[in-house]
Amino acid sequence: MTTHLVWLRNDLRITDNRALHAACNDPSARVLAVFIATPRQWRRHEMAPRQAALLHASLRAVQQALAQKGVALHCHSCADFAASIDWLAEYCRREQVDALFYNRQYELNERRRDAQLEQRLSGRVMCRSFDDSLLLPPGSVQTGGGEMYKVYTPFRNAFIQRLAEFDVSCLPAPKIRAGGALPVPEAPAAFDYPAADIGDDYPAGEEAALQRLRAFSRERVQDYLRQRDLPAIAGTSGLSPYLAIGVLSPRQCFNRLRAEHPSVLEAPESGAFGWLNELIWREFYRHLLVAYPALCKHRPFIAWTDKVRWRNDPSLLQAWQRGETGYPIVDAAMRQLNETGWMHNRLRMISASFLVKDLLIDWRAGERYFMSQLLDGDLAANNGGWQWAASTGTDAAPYFRIFNPTTQGERFDPQGTFIRKWLPELADVPDNDIHQPHRWAEKQRRALNYPLPVVDHRQARLETLAAFEAAKRGES
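A brief report on the enclosed structure follows.

Reading the values: rules and limits
Within each chain, residue numbers correspond to sequence positions counted from 1 in written order. Two thresholds apply to this predicted model, a pLDDT of at least 70 for residue-level local features and 80 or more for giving and counting side-chain atom pairs, whereas whole-chain, interface and lining totals are computed over all residues. Side-chain descriptors were evaluated using all non-hydrogen atoms of the structure, hydrogens and water having been removed beforehand. Only DSSP runs of H or I covering at least 4 residues are called helices, and only runs of E covering at least 2 are called strands; the numbering of each starts at the N terminus. Residue contacts are defined here by distance: any two heavy atoms, one from each residue, within 4.5 Å place the two residues in contact. Paired strands, as defined in this entry, are two strands with at least two bridges between them according to DSSP. Angles run from 0 to 180 degrees between N-to-C directions of axes, and those axes are lines fitted to C-alpha atoms, restricted for helices to the stretch in contact. Working definition: roughly parallel below 35 degrees, roughly antiparallel above 145 degrees, roughly perpendicular at 65 to 115 degrees, and oblique for all remaining angles. By convention, the crossing between two helices is left-handed when the near helix turns anticlockwise from the far helix through less than a right angle, and right-handed when the turn is clockwise. Residue polarity follows a fixed list, in which Ala, Val, Leu, Ile, Met, Phe, Trp, Tyr, Cys and Pro are nonpolar, Asp, Glu, Lys and Arg are charged, and the others, Gly among them, are polar. Partly exposed describes any residue whose relative accessible area lies between the buried limit of under 20% and the exposed limit of over 50%, with all areas from a 1.4 Å probe on protein chains only and scaled to the type maximum. Identification of polar contacts relies on pairs of N or O atoms within 3.5 Å, with a donor-acceptor requirement for protein atoms, meaning one able to donate a hydrogen and the other able to accept it, and with residues adjacent in sequence counted only if both atoms are side-chain atoms. A crossover gets the label right-handed when its path from the first strand over the helix to the second runs clockwise, viewed with the strands pointing away from the viewer. For this analysis, a salt bridge means a side-chain nitrogen from Lys or Arg found within 4 Å of a carboxyl oxygen belonging to Asp or Glu. When two rings of Phe, Tyr or Trp (its six-membered ring) have centres within 6.5 Å they constitute a pair, described as stacked for plane angles under 30 degrees, edge-to-face for angles over 60, and tilted for the intermediate range. Remark: nonpolar core denotes a set of buried residues (Ala, Val, Leu, Ile, Met, Phe, Trp, Tyr, Cys) joined through side-chain atoms within 4.5 Å. Residue count minus one, scaled by 1.5 Å, sets the expected span of a helix.

## Some remarks on the environment of A181
Point 1. Of note, A181 is situated in the loop between α6 (152-163) and α7 (206-220).
Point 2. A181 sits 114 residues away from A67 along the chain, and the two C-alpha atoms are 5.9 Å apart.
Point 3. Apart from residues no more than four positions distant in its own chain, A181 is found in contact with A67, Q68, G70 and I176.

What follows is the structure, given as structure tokens:
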């Protein structure tokens, strides 16, 4: 009997899973599945304990779903990628695997691991890999000169044109294997990783993710452009944690969006197109990761920005991490992140800009801290966002564009609704003063249990401009 093995990674679903679908195409084959946890690797790359907890819960859900289809999912832990190659090669030998199926990952270490494994199995096991976590595969959207786009808007325009040339339809879940459903398996062993509570906001399993996708596409996406930048309103989809570990596929998102809004591609002013634009940003950063592997090595895209003389001040970094900078919109954002593992996208830009442009702290410190906290941690998106905010990346904000954290708060949380939720010590401050609470406290001759601003924004802006201009001149 032919044996097919599916290696699950960041694709924890049975619907629209290209590797799983291909492995199950032969009704006579015995189909097995494995998942290999690599906690040491996760620690090295700052995976948030909350994301590991969501992954574990999602793994349990997909294990049960596969059992109902007659496919056993075996979960194993290895210290790192090298050990996972050894274990998987031995597993293939022991189970007499004829073909291995997996969906590609695009980070540099993962690509090297897969190449090493295929070389190890060469001549014994046929390996088939698939582009599953993107709408269009890396390298498929290029300039007329055959290069990766370095600016987002022309990439998006070319991307939309190319969409018509690729099959982006969703695949069904596999049929029940000939042997029938399997008994409900025991839950996977807990990972050797710090425990974390993910709360009730992100129930595990693809059905929960699909329900959220359907509700957002049907009920809220039309208001997306108007509400997406307002952190006090649930104006975003909240689907990023599911996309990050593959409980949802981007094809499911695109096809559900198109089903509810058939003219989405022809309506660039619509909320539906606005959300599609965010999905394409996700694609842009992943395509860049493949085209420029140095991005996986903490290198800036713009080389001269590596000469910026960053400030080494652990106390300022800690104040930012804890949400104690004295700038309410920044502090509320950071406390939301620390408490929930998620942060509103507008606030990611504001808080990242503050760390780099007000505190003049290396963007890589912020990138690492976000990864250590985020439920939706994703190297390509996190790196792309930080390099955008830090003016070190492709199509980034110019270095002289520096957000004023006070006016950003006034614009996007005008009544301070979001701020008061996360900074209860400012509950009594009126709307007009919520973004500069110490001004109010001084007028009222009241003491506030809230820190004074750690820097003066105007002075910090001048120092940052000077640091970037010196680096651009080649001074280090």
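Let us keep going from here.
## Comments concerning the sheet that holds strand β4 (residues 99-103)
Point 1. The strand order β3-β2-β1-β4-β5 describes an open sheet built from 5 strands, whose pairing is parallel. In this open sheet, the two edge strands, each paired with only one partner strand, are β3 (72-77) and β5 (126-130). On average, each strand axis in the sheet is inclined to that of its neighbour by 25°, with strand direction left out of account.
Point 2. Sheet analysis places strand β1 (residues 3-8) next to strand β2 (residues 30-37), joined by 6 bridges and oriented parallel. Bridge pairing in β2 places H4 opposite V31.
Point 3. Each of β1, β2, β3 and β4 touches helix α4 (residues 81-94); the most contacted strand, β2, lies at about 165° to it.
Point 4. Its contacts with the sheet put helix α5 (residues 108-121) on β1, β4 and β5, and the angle it makes with β4 is roughly 170°.

## As for the packing of helix α14 (residues 345-358) against helix α16 (residues 379-390)
Point 1. The interhelical angle for the contact between α14 and α16, taken along N-to-C directions, is 55°, at an axis separation of 9 Å. Our classification of the angle between α14 and α16 gives oblique. The two elements α14 and α16 meet at a crossing, and its hand is right-handed. Residues M349, A352, S353, L355, V356 and K357 of α14 pack against W386, W388, A389 and A390 of α16.
Point 2. A per-class count over the contact of α14 with α16 returns 8 nonpolar, 1 polar and 1 charged.

## What to know about helix α10 (residues 250-260)
Point 1. If you check which residues of α10 are buried, you get P250, R251, Q252, C253, F254, N255 and L257.
Point 2. The inward-facing, buried residues of α10 abut α1 (18-23), α6, α7, α9 (240-244) and α11 (271-291).

## What to know about the packing of helix α13 (residues 328-340) against helix α15 (residues 363-373)
Point 1. Contact geometry for α13 and α15: axes closest at 8 Å, N-to-C directions at 40°. The orientation of α13 with respect to α15, classified from their angle, is oblique. Mapping the contact onto sequence places M334, L337 and N338 in α13 and Y369, F370 and Q373 in α15.
Point 2. Taken together, the residues that form the contact of α13 with α15 break down as 4 nonpolar, 2 polar and no charged.

## Remarks on the side chain of N103
Point 1. Among the secondary structure elements, N103 is positioned in strand β4.
Point 2. Residue classification places N103 among the buried positions, given a relative accessible area of 4%.
Point 3. A polar contact is formed between the side chain of N103 and the side chain of D11, at a distance of 2.7 Å.
Point 4. Here the side chain of N103 touches N17 through a polar contact of 2.9 Å, side chain to side chain.

## Describing the pairing of β1
Point 1. Across the 6 residues of β1, 6 count as buried, placing the element largely inside the fold.
Point 2. Neither face of β1 is left uncovered, since the one carrying T3, L5 and W7 and the one carrying H4, V6 and L8 both have all their residues buried.
Point 3. Chirality of the crossover, the property in question, places the unit of β1, α1 and β2 among those that are right-handed.
Point 4. Sheet topology note: the β1/β4 ladder contains 4 bridges and is parallel. Along β4, the bridge assignment pairs W7 with Y102.

## Things to note about the pattern of salt bridges
Pairs can form between side chains of opposite charge whenever their charged atoms are close.
Point 1. Tallied over the full model, the rule gives 29 salt bridges.
Point 2. Here D223 makes a salt bridge to R226, at a shortest N to O gap of 3.5 Å.
Point 3. On the basis of relative accessible area, R226 is assigned to the exposed category, the value being 58%.
Point 4. Across the salt bridge formed by R364 and D362, the nearest N and O atoms sit 3.0 Å from each other. The same class applies to R364 as to D362, namely buried.
Point 5. Counted as one network, the salt bridges with shared partners bring together R13, D16, D132 and R251.

## With respect to the packing of aromatic side chains
Point 1. Evaluated as defined, the whole model comprises 27 aromatic pairs.
Point 2. Between F216 and W275, the aromatic rings sit 5.1 Å apart at their centres with planes inclined by 65°, giving edge-to-face as the arrangement. A residue pair is termed long-range when its members are at least 10 positions apart, and F216 in helix α7 and W275 in helix α11 qualify at 59 residues. Taken individually, F216 and W275 each receive the classification buried, so the pair is uniform in this respect.
Point 3. Look at Y399 and F400: their rings are 5.5 Å apart centre to centre, the planes differ by 75°, and that puts the pair in the edge-to-face class.

## As for the nonpolar core
The tendency in soluble globular proteins is for nonpolar side chains to be buried as a group.
Point 1. Grouped together as the largest cluster of nonpolar side chains are 129 residues, with contacts concentrated most on F35, L66, F155, L248, W275 and W320.
Point 2. When residues of this core are assigned to their parent elements, the largest contribution, 11 residues, is made by α11.
Point 3. Those residues within four positions of L248 in sequence are excluded, and the remaining contacts are R13, A209, L210, L213, L239, Y242, L243 and C253.

## Overview of α5
Point 1. When the terminal C-alpha atoms of α5 are compared, their 20 Å separation across 14 residues agrees well with the 20 Å that a helix rising 1.5 Å per residue should span.
Point 2. Considering only its buried residues, α5 is in contact with β1, α4, β4 and β5.
Point 3. Following α5 by one or two positions, G123 adopts a phi angle in the positive range, close to 85°.

## Topic: the side chain of D114
Point 1. Take D114: it is sitting in helix α5.
Point 2. A polar atom in the side chain of D114 sits 2.8 Å from the side chain of R9.
Point 3. Look past the residues within four positions of D114 in its chain and what remains in contact with it is W7, R9, Y102 and Q105.

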